[in-house]
Every structure is written in structure tokens, then in C-alpha cells.
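What follows is each chain in one-letter form.
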Amino acid sequence: MNSPNDKMINFRVQRYIADKDPDTFFQEYDVPVKKGLTVLDALLWIKENLDSSLSIRYSCRMGICGSCGMYINGLPRLACQTQVLFLESDVVEVKPLPNYPVLRDLIPDLMPMLEKHRAVKPWIIRPDTMPDVEPKKELKQTPEEIEEYIQFSYCIKCGVCVSACPTAATDKQFLGPQALGQAYRYSADSRDEGVDERSDAVDLSHGMVNCHLAGACSEACPKGVDPALGIQLLKREVVLHSWGLKGFKKGAPEMPPMEKNLKPGIPPAPARTVKK
Amino acid sequence: MEKTAKGNCLGIFGWFYAGKYQIERYAYIFHRLSGLAILLYLFMHIYVTGFRIHGREAWEGVMSKVGEPIFHLGEYMLFIAVAFHALNGIRLIFQELGLFLPKPASPVYPYKPALARVRIFFYLLMFISLVLMFIGGLDFFIFVEG
Amino acid sequence: MIRESKLWSLHLLAGLCIVFLIGVHFGVMHLDEIFGFADVLSYQSVLSRGKTGFYLVVYSLLLGSAIYHGLYGLRNIIFELGFGRSLEKAVSIILLFGGIVSFIYGEYAIIVAFTL
């Protein structure tokens, strides 16, 4: 409950309601803030107490679904992960994520990012054992091999990195740090055999060569995915492949049947109780 | 009905305003601006130095025109641009080929991005660049002919 | 069409070459007082440098790498401004043509200076 000791913070929220006004406008709200209140909580408080027409996209409220990306006080962030008092400002300006079309108020259309994500073939490519992208057998992968790509697999597709990227600010065809980072995540996976196929999507004039190492994507990423690192490692892979300095990468082998993989001294499993 | 991306894109402002981002983004801005300035100078330079094959009078004529103080200052500005662009460029060549970058590892909060972890490399090259700019400044303005 | 990654890796290679070649060129032209070269901009000095095999190679390599590196960078900047595909093709051709013409003009001067 709000107490008289709560600090009042002024929220300047960008509104956009297409059928009422083709231009965006700012609306100001005063919100009582106590320690621990996030920007998302504040926006929901506004919606409940001041203006129910304010539209926001959110879901998990805990930084894992990637829905609530917004441009808060000059940086793109997740609203549920940004505490109002940490911003150290009496005015909090909230705008929708830049470099995307806006559907309404603070809701961006993330389809451009998702389409580019699909274009880099974000799945394990392995024609022999996984022709339908579904694995038929377990593939062998050591913990060291997992460490090479697992960082990039934490991407929650929130789109904050694309908002931070200076190239994405002008170039709508640019694949973006999200797609390029995921292209590396799959190319670096030891189970994958599709670097050459993925190169065709990434090695284009609006692809990986348009990343100029501003590093803003990694700074903005809320999950520590570090797409900048992934993109530079991707560049090395693609350049080595395009000059023929690195050959076809054979994917991880299939795990042998359990019976052949038993360590000595371990008894075999009991018979199946449910018929196949 | 949605507002077009054009309205919500940061545009050229997104290129040249780095705000609260880290120093690598500022380096990107200066690298781009210095590159464009050097390119512009390059074509003028190719044209002007071409005069040397037309004889002594042609050469001395064009040199007297570009020998004025304003051009001398402009040349020093170019020296600064080249010193920055070359040293930052060395960093970019290595890092954009994935060299001298930390290995990927599971991120532990608060995560420090790879570029932030190797920032010492950037500072070292910038120090060398400043030393070169200083030495160049001595040669341009302090140690005069004779 | 040449793969973009090949063009880009040549851009980096040209950049690396330029670092060394510009080091030589700047060392002579702009650190002349410190290294003790006399009057680097005089006609006699320019003529004598142009006649050496060393500067024939250095200037030719520097000219080629700098034009390639600069125009590829400019092409990237123009493409990032977001024009249509046909305009991009036109930009590539114009820059390629401009680069070749500039290289021919500069190389002609270098070779003539060598033979003077």
C-alpha cells in the first residue's frame, strides 16, 4: 500500500493511438515509488489507478520471457528488470523500443527481428541424423563443447540488442545482433553441420560485415548473452570457410546404445515393464 | 494500423549519439568520422601530388597554395584522424576476426561483456595514438624549418 | 558475385598494409624534423624520392590499399543508409569505377615520376 513516505516520480510515457492521432505524444503521470518498485510495476500502477488506456506488453515480470523491452531514460532495457530508484532521476521517460514499428503506446512490433532470426536457420542442421530437424538418436556432447555456445543460447528474443545497435538504427535490412548471435550459437554447436548453409544467410551485404563493434548490443543485453562476442567469432568462422581455410565440420557422433556404453561393475537395467 | 519503423527508428542520430553507452561506441563514431575525412583528403591528395610530374613550376605553384597556415592546420587535423583511425583500426582488425577476445562462458550476473573485459587493449592503443599525436604536433608546430 | 566476407577480409588486409605503409609515409613527411630529413616538400626532394624503387613499391601499394579500403568503407556506409537493391548495385559500380580511375591517375604519376 502507498505510504506518505513514498517518493513521487514523474513518468513521461510516450503514447501512440493510431486511430485517434497519427503522431506520438507524451503523457505525464506521478507515481509513488518505494524501494524495489520496477518500471513495469509503476506502469501497471498507472494502468490501475490513473489511466487504464495505457497499453504495455509484459508477461513473466521476472526477466525471462523478453516481452517488456522499453526505452527507459535513454537506454533500451527490460521494464521488469529496471528498478525506478536505480535510475536516480526524478523524471523517468518511457518510450517503446526504437528501430521497430510501433503498434500502440509502448508495444513494438518485434516481427522484423523474428523474421531475421528465422532467416539464419536457428536449428541444428544435420541432414543424415536429423533430416526433419527432430533428432532420431542422442548425440554425444561434452561439457566443454557445451561451454562454447551455451552463453549465446540464453537469448530471450527481447529485441533490446537491436534497439541498441547503431547499424540497425538506419539499416532495416541489417540482420541485427540477435540473428547474428544466434547464427553463431548454432554454428558453434558441436552437433551442427550447417556452417556453410548458414553462411549463405549471414555472408551478405547487410549481414555480418555491417557490425562495426560498437558493443552496445552486449551492454544492453539483460541476459549476458554478449551478441557482440558471438558475431566476431562468427565472422572468423565465415571468413575461414569462405577462403577455404577451414573444411566441413563433422557433427558430434551419435551416442552408442546404452548396453555397449556400460562401465564395468554396473549391472544392466531391469526388463521394460511397458511394451514399446 | 501501425506506425512505420521509419518513425520509430533512431536514424543517423543512432549512428552519432552514444549517450550512456560505453567507450567502444564512441570509438565507433570517431572511427567512422575520421574514415570519411581521410577518404575525402585522399582524393584531393592524389590530385595535388599528381602535379609533380608536370615540372618544377607546376609543383611549386600548387605547393605554395597548400602551404598556407589554414592548410597546415588542416593537415595536422588529418594527422590526428589518421593516428586515431589506424590505432583503433588495429584493434578492430584483431577483434573482428575473433582474436584477443575472451572465450564464451556461462554468464554470471553481473555480466561484464567481452569488449569491456579487453578494454585494456583499447586504452593501450589510444595511449600510443595520443603519443603519436603529440609527437606529430611537435613536428608540425614547434620544430620549424631550419 | 564475390562473397561479401572475401571483400571484407580484403578490406581488413588492406587496412593492415596501410598501417605499415602510412607509418613510412608519415615518418618521412610529418616527422621529418625529428628524423632530420631536410625539406621534404621541395621539388628536388620529391623528385629524388620518386626515382627510387623503394618509393615506387611503397607508393603503389599505399595507393591501391588506401583506395580499396576507403571505398569499401564508403560502400558499407552508403548501404547502411538503407536504399533499394538496384540503387545499391549502381553505388557499387560507381565506386568501383571511381576507384579504378583514381588508381590509374595516381599510378600513372608514380610511374612517370620513377622514369623522370
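Residues numbered from 1 in each chain as written. Chains lettered and ligands numbered in written order. Predicted model: local features only at pLDDT ≥ 70, side-chain atom pairs only at ≥ 80, totals over all residues. Heavy atoms only, no water.

The next thing to look at is the overall build of chain B. Along chain B, the regular secondary structure elements total 7 helices and 0 strands. When the helices and strands of chain B are listed from N to C terminus, the series reads α-α-α-α-α-α-α. At 21 Å, chain B has a C-alpha radius of gyration far larger than the 15 Å of a compact globule built from 146 residues. Each principal axis of the C-alpha distribution contributes one length, and for chain B these read about 65 × 45 × 25 Å. Classification of the 146 residues of chain B by burial places 47% in the buried group. If you take every contact in chain B between residues at least 6 apart in sequence, the share linking residues at least 24 apart comes to 65%. Counting only carbon and sulfur atoms, one obtains 74% of the accessible surface of chain B, whose full area is about 8,200 Å². Across chain B, the centroid of the 13 positively charged side chains sits 18 Å from that of the 9 negatively charged ones. (Helix = DSSP H or I, 4+ residues; strand = E, 2+ residues; numbered from the N terminus. Rg over C-alpha atoms; globule rule 2.2 N^0.38 Å. Buried < 20%, exposed > 50% of the residue type's maximum accessible area, 1.4 Å probe, protein only. Contact = heavy atoms within 4.5 Å. Areas by Shrake-Rupley, 256 points an atom, 1.4 Å probe, with all protein chains shown as cover. Lys, Arg positive; Asp, Glu negative; His and termini not counted. Charge placed at Lys NZ, Arg CZ, Asp CG, Glu CD.)

With that settled, the discussion passes to the interface of chain A and chain B. Contacts between the two partners involve 46 residues from chain A and, on the opposite side, 39 residues from chain B. For the pairing of chain A and chain B, the buried interface totals around 3,600 Å² over both sides, and the portion due to carbon and sulfur atoms is 60%. Linking chain A with chain B are 2 salt bridges, by the criterion used here. Counting across the chain A and chain B interface gives 16 residue pairs in polar contact (both at pLDDT 80 or more). Listed by contribution, the elements that provide at least two residues to the side of chain A that touches chain B are strand 4 (75-78), strand 6 (102-104), helix 4 (160-164), helix 5 (166-170), helix 8 (216-220) and helix 9 (227-242) of chain A. Of the residues assigned to the side of chain A that touches chain B, the class counts are 24 nonpolar, 12 polar and 10 charged. (Buried area = accessible area lost by both parts, 1.4 Å probe. Salt bridge = Lys/Arg side-chain N within 4 Å of Asp/Glu carboxyl O. Polar contact = N/O pair within 3.5 Å; in protein donor to acceptor, adjacent residues only side chain to side chain. Nonpolar A, V, L, I, M, F, W, Y, C, P; charged D, E, K, R; others polar.)

This next bit is on the interface of chain A and chain C. Taken together, the contacts link 19 residues of chain A with 16 residues of chain C. Here chain A and chain C share an interface that buries about 1,500 Å² over both sides, 52% of which is from carbon and sulfur atoms. Ionic pairing is found between Arg3(C) and Asp200(A), a salt bridge with its closest N-O pair at 3.2 Å. Counting every contact that joins chain A to chain C gives 11 residue pairs in polar contact (both at pLDDT 80 or more). For the side of chain A that touches chain C, the elements supplying multiple residues, two or more each, are helix 5, helix 7 (195-202) and helix 9 of chain A. It is helix 9 of chain A that provides the largest number of residues to the side of chain A that touches chain C, a total of 4 residues.

All right, on to the environment of His72(B) then. All names here are of chain B. Structurally, His-72 can be placed in helix 5 (residues 69-96). Among the residues examined, His-72 registers a relative accessible area of 30% and is labelled partly exposed. With residues near it in sequence (within four places) discarded, His-72 still touches Phe-140 and Phe-141. Separated by 2.9 Å, the side chain of His-72 and the backbone oxygen of Phe-140 make a polar contact.

Here we come to the side chain of Arg91(B). All names here are of chain B. When you line up the elements, Arg-91 lands in helix 5. At 4.9 Å, Glu-24 is the nearest oppositely charged side chain to Arg-91, a buried residue that forms no salt bridge. When near neighbours in sequence (up to four residues on either side) are disregarded, Arg-91 contacts Glu-24, Ala-27, Phe-121, Phe-122 and Leu-125.

Counting through the fold element by element, Ser187(A) comes out in helix 6 (residues 176-187). Excluding residues that lie within four positions of it along the chain, Ser187(A) makes contacts with Asp192(A), Val195(A), Arg198(A), Leu234(A) and Lys249(A).

Tallied over the entire structure, the rule returns 21 salt bridges over all chains. Arg185(A) is the salt-bridge partner of Asp189(A), the closest N and O atoms lying 2.9 Å from each other. Note on accessibility: Asp189(A) and Arg185(A) belong to one class, buried. Here Arg119(B) ties to Glu219(A) by a salt bridge, and the two come within 3.8 Å at their closest N and O atoms. Of the two residues, Arg119(B) is situated in helix 7 (residues 119-142) and Glu219(A) in helix 8; the pairing between them involves two chains. For Arg119(B), a relative accessible area of 13% gives the class buried. Judged by relative accessible area, Glu219(A) falls into the partly exposed class, the value being 30%.

Let us look at a nonpolar patch on the surface. Taken together, Ile12(B), Phe16(B), Ile23(B), Tyr26(B), Phe30(B), Leu33(B), Tyr123(B), Leu81(C), Phe83(C) and Leu87(C) make up a surface patch of nonpolar side chains, about 860 Å² in accessible area. Secondary structure elements with two or more residues in the nonpolar patch: helix 2 (11-16) and helix 3 (23-49) of chain B. Of the residues forming the nonpolar patch, the biggest block, 4 residues, is contributed by helix 3 of chain B. (Patch = residues over 30% accessible without salt bridge, like charges linked within 9 Å, V, L, I, M, F, W, Y side chains within 5 Å.)

What follows concerns the packing of aromatic side chains. Residues and elements named next belong to chain B. Applying the stated rule across the entire model yields 18 aromatic pairs over all chains. Ring centres of Tyr-76 and Phe-140 lie 5.3 Å apart, and the angle between their planes is 55°; on these two criteria the pair is classed as tilted. Of this pair, Tyr-76 sits in helix 5 while Phe-140 sits in helix 7; the two residues are 64 residues apart in sequence, bridging distant segments of the chain. Across this residue pair, the class does not change: Tyr-76 and Phe-140 are buried. Consider the rings of Phe-122 and Tyr-123, whose centres lie 5.9 Å apart with planes at 50°: the pair is tilted. A relative accessible area of 5% places Phe-122 in the buried class. Tyr-123 gets classed as partly exposed once you look at its relative accessible area, which sits at 45%. Positioned above the aromatic ring of Tyr-21 is the side chain of Arg-25, whose terminal nitrogen or guanidinium carbon lies 4.5 Å from the ring centre. The ring of Trp-15 carries the charged tip of Arg-32 above its face, separated from the ring centre by 4.6 Å. (Phe/Tyr/Trp six-rings, centres within 6.5 Å; stacked < 30°, edge-to-face > 60°. Lys NZ or Arg CZ within 6 Å of the ring centre and 35° of its normal.)

Locating Lys34(A) in the fold gives a position in the loop between strand 2 (25-33) and helix 1 (39-49). For the pair Lys34(A) and Leu106(A), spaced 72 residues apart in sequence, the C-alpha separation works out to 23 Å.

Residue and element names in this part refer to chain A. Given a rise of 1.5 Å per residue, 16 residues ought to cover 22 Å, and the 22 Å separating the end C-alpha atoms of helix 9 matches this to within 8%. With 14 of 16 residues buried, helix 9 is to be regarded as a mostly interior element. Taken from the residues just after helix 9, Gly-244 is the one with a positive phi, measuring 75°. (Expected span 1.5 Å × (residues − 1).)

It is worth spelling out the environment of Glu96(B) at this point. Relative to the elements of secondary structure, Glu96(B) occurs in helix 5. Among the residues examined, Glu96(B) registers a relative accessible area of 6% and is labelled buried. Looking at Glu96(B), its side chain comes within polar contact range of the side chain of Lys235(A), at 2.9 Å.

Purely geometric numbers; function is a separate question.
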